[in-house]
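Each chain, letter by letter, is given below.
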Amino acid sequence: MAVGSLAAVPERATAAQQTELVAEAEQSDHVVYWNKVLVESFQDLKDAQATPGSLARAGAMMNVAVYDAVNAIHPIGKPYLLRPTSGGGGSVDAAIDHAAYGVLSRTLPQLDFTDEFETALAMSPSTTPEAFATGKDIGEKTSRAVTFLRERDASSINVPYTPGNQPGDWRPTSPGVPPLTPNWGRVKPFGIEYGSQFRPPLPPALTSAQYAAEMNEVKEYGGADPATTKRTTEQTEIAHFWANDLDGTYKAPGHLYALTNDVVEKRWPDSRPTQTARLYALMSIALADAGVAAWDAKYITEVDLWRPETAIRLADTDGNEATTKDASWQPLSQDLEGNHFSPPFPAYVSGHATYAAAWAGIMKRYTGSDTFDYTLEATTVDPFAKDVVRSFNSFSEIARENALSRVYLGVHFRSDAEQGLAVGDKVADYVYNNALR
């Protein structure tokens, strides 16, 4: 992928890799092809361009435009925005390619998708000029419609956020790193009505037995010091496998897109857009809305909960006799220079957990079963879990392990994970039963 203003980021696809991608794409449909491109683009983004919410938003925009383009030629459900009247006889591949390219080139202008677009066009079967022109027209219309709509979705709001300083209040944990996307809970969702629609109950009170138990759990299982942690070797592997917090990874939403690609290729090896366009649209809508719902809970309720590292270091201020201060405690989570860190936003609820449950909720509803009769071998691009493969037999198993990994990584309490799972599944249920119907 050619990169525009990010000159320091290397191109990901060599000539040999591009040839391999073409060969793979020729055996699958263009919906899957563009979602592979999407995952690679997530890895190429960095800093403020790679926030979880913005990545999930870009994925949803691309996939609803693609869905509407496919739906215009082969009706498979209710349009998300529009069904152009000129769809009859159009090339569905051309429609998909122009819809995806149109959205990505506008939504991620810092990246150059020309090579991927040309590859997509070249791998399409022969078609008539008229069919290609019709498909192109449809794809361009749906991409313009989606990008126009989302220009007014409040994703660019930049209201300053002032951290608290009372016990329990979130405050920055890394010097010089500001709070990340504090207004994302106000972004207009894609499928649910508003960000607070499935707002969870407040987290356990600092003086409660539950809070003490959860703080002591993450203190014992999520710490960086191998001499004092109770975390097992497998739990450490799980923590790193799901992390994907660093630039160069595909972050939490991208990992779930990659898993979707794996599931589709395992379940429908000869898939066609009429099978996959609706699945990717529903999944991406749920992921985008999960991000809005999670960030609503993080920033817009009366409790913006501190991270475990702050809680443990300031345990002498929480009013709970069952907690003990450790001023030197650090989470397992670390960057490539060995600096331990927590993500720069409040703990409750866990974004990873909310995204994972929304993903699992759509996948199990769409396929008709939470379990599958094969073993899904999942991989990751997190630098601390290279070559690690995790095996799963159900979508819920994936979501729960993803959620609990954040406790083992030392960046979340158990309630953050549990309530994130609950919120994410509610988002998925609503999206599945109301969107594209």
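As the structure is a computational prediction, the values presented were derived from the model and not from experiment.

**Some remarks on helix H3 (residues 52-73)**
The end-to-end C-alpha distance of H3, which contains 22 residues, comes to 32 Å, matching closely the 32 Å that a straight helix rising 1.5 Å per residue would cover. Counting buried positions along H3 yields 21 of 22 residues, so the element is predominantly enclosed.

**Let's talk about the packing of aromatic side chains**
Taken as a whole and judged by the stated rule, the model has 14 aromatic pairs. On the basis of an interplanar angle of 15 degrees and a centroid distance of 4.2 Å, the ring pair of Tyr101 and Phe117 is categorised as stacked. A residue pair is termed long-range when its members are at least 10 positions apart, and Tyr101 in helix H4 (residues 92-107) and Phe117 in helix H5 (residues 114-122) qualify at 16 residues. Between Trp359 and Phe395 the ring centres are 5.6 Å apart and the planes differ by 80 degrees, which places this aromatic pair in the edge-to-face class. Taken together, the residues span a long stretch of sequence, with Trp359 in helix H12 (residues 351-367) and Phe395 in helix H13 (residues 395-408) at a distance of 36 residues. Overall, Trp359 belongs to the buried group, its relative accessible area being 0%. Through successive ring pairs, a cluster of aromatic residues spans Trp359, Phe372, Tyr374 and Phe395. Lying over the aromatic face of Phe190, Arg150 brings its terminal NZ or CZ to 3.6 Å of the ring centre.

**Some details on the nonpolar core**
With 127 residues, the main nonpolar core has Trp34, Trp359, Ile362 and Val431 as its most contacted residues. Top element by residues in this core is helix H10 (residues 273-299). It accounts for 17 residues. Setting aside residues no more than four positions away along its own chain, Val431 makes contact with Gly191, Ile192, Leu282, Ile285, Ala286, Asp289 and Ile362.

**Remarks on the side chain of Thr51**
Looking at where Thr51 falls in the secondary structure, it is placed in the loop between helix H2 (30-44) and H3. Of the polar contacts made by the side chain of Thr51, one reaches the side chain of Ser54; its length is 2.7 Å. Residue contacts for Thr51: discarding those within four places in its chain leaves Leu180 and Thr181.

**Re the UniProt feature "domain: Phosphatidic acid phosphatase type 2/haloperoxidase" (unreviewed entry) in the protein chain**
Here the UniProt feature "domain: Phosphatidic acid phosphatase type 2/haloperoxidase" (unreviewed entry) sits at residues 280-424. Helix makes up 47% of residues 280-424 and strand 9%, whereas the separation of the span's terminal C-alpha atoms amounts to 17 Å.

**As for the environment of Ala252**
Here Ala252 lies in helix H9 (residues 251-267). For Ala252, a relative accessible area of 8% translates into the label buried. Those residues within four positions of Ala252 in sequence are excluded, and the remaining contacts are Asn244, His352 and Tyr355.

**Let's talk about the packing of H2 against H10**
Where H2 contacts H10, the two axes come as close as 8 Å, and the packing angle between them is 40 degrees. Taken together, the axes of H2 and H10 lie oblique to each other. Taking contact as the criterion, the partners of Val31, Val32 and Asn35 in H2 are, on H10, Pro273, Thr276, Ala277 and Tyr280. Looking at side-chain class alone, the contact of H2 with H10 contains five nonpolar, two polar and no charged residues.

**Quick notes on the pattern of salt bridges**
Overall, the coordinates contain 20 salt bridges when judged by the stated rule. Between Arg400 and Glu418 there is a salt bridge, with the nearest N and O atoms lying 2.8 Å from each other. Here Arg400, found in helix H13, pairs with Glu418, found in helix H14 (residues 414-434); they are 18 residues apart in sequence, far enough to count as distant. Taking relative accessible area as the criterion, Arg400 reaches 35% and is therefore assigned partly exposed. One salt-bridge network, in which partners are shared between bridges, spans Glu217, Arg400, Arg414 and Glu418.

**Details of unusual backbone geometry**
Residue Val349 is bonded to the preceding Tyr348 through a cis peptide linkage, with omega at 0 degrees. One can find Val349 in the loop between helix H11 (308-313) and H12. In the Ramachandran plot, Ala154 falls in the positive-phi region, its phi being about 75 degrees despite a non-glycine side chain. Considering the arrangement of structural elements, one finds Ala154 in the loop between helix H6 (129-150) and helix H7 (209-221). Even without being a glycine, Thr181 presents a positive backbone phi close to 40 degrees. Mapped onto the fold, Thr181 is located in the loop between H6 and H7. With relative accessibility at 22%, the residue Thr181 sits in the partly exposed group.

Criteria and thresholds
In this numbering scheme, every chain counts its residues from 1 along its sequence in written order. This being a predicted model, a pLDDT of at least 70 is required before a residue's local features are given, and a value of 80 or more before pairs of side-chain atoms are given or counted; all residues contribute to the totals for chains, interfaces and linings. Side-chain measures here rest on the full set of heavy atoms in the structure, leaving out hydrogens and waters. The helix count covers DSSP runs of H or I at least four residues long, the strand count covers runs of E at least two residues long, and both are numbered beginning at the N terminus. Under the convention used throughout, the expected extent of a helix is 1.5 Å for every residue step, that is, one less than its residue count. Under the scheme applied here, a residue whose accessible area is under 20% of the maximum for its type counts as buried, over 50% as exposed, and between as partly exposed, the area being computed with a 1.4 Å probe on protein chains only. Two rings from Phe, Tyr or Trp (for Trp, the six-membered ring) form a pair when their centres sit within 6.5 Å of each other. Planes less than 30 degrees apart are called stacked, planes more than 60 degrees apart edge-to-face, and all others tilted. Charge over a ring is defined by NZ of Lys or CZ of Arg lying within 6 Å of the ring centre and within 35 degrees of the ring normal. Residues belong to one nonpolar core when they are buried, are Ala, Val, Leu, Ile, Met, Phe, Trp, Tyr or Cys, and are joined through side-chain atoms within 4.5 Å. The contact criterion used throughout is that any non-hydrogen atoms of two residues lie within 4.5 Å. Polar contacts, as used here, are pairs of N or O atoms within 3.5 Å; protein pairs need one atom able to donate a hydrogen and one able to accept it. Residues neighboring in sequence count only if both atoms are side-chain atoms. UniProt positions are given in the numbering used here, feature names are shortened, and annotations may be inferred rather than shown by experiment. Each axis is a line fitted through C-alpha atoms, taken for helices only over the stretch in contact, and angles between the N-to-C directions span 0 to 180 degrees. Working rule for angles: under 35 degrees goes down as roughly parallel, over 145 as roughly antiparallel, 65 to 115 as roughly perpendicular, anything else as oblique. Here the nonpolar group is Ala, Val, Leu, Ile, Met, Phe, Trp, Tyr, Cys and Pro; Asp, Glu, Lys and Arg are the charged ones; every other residue, Gly included, is treated as polar. Counted as salt bridges are all cases of a side-chain nitrogen of Lys or Arg within 4 Å of a carboxyl oxygen of Asp or Glu.

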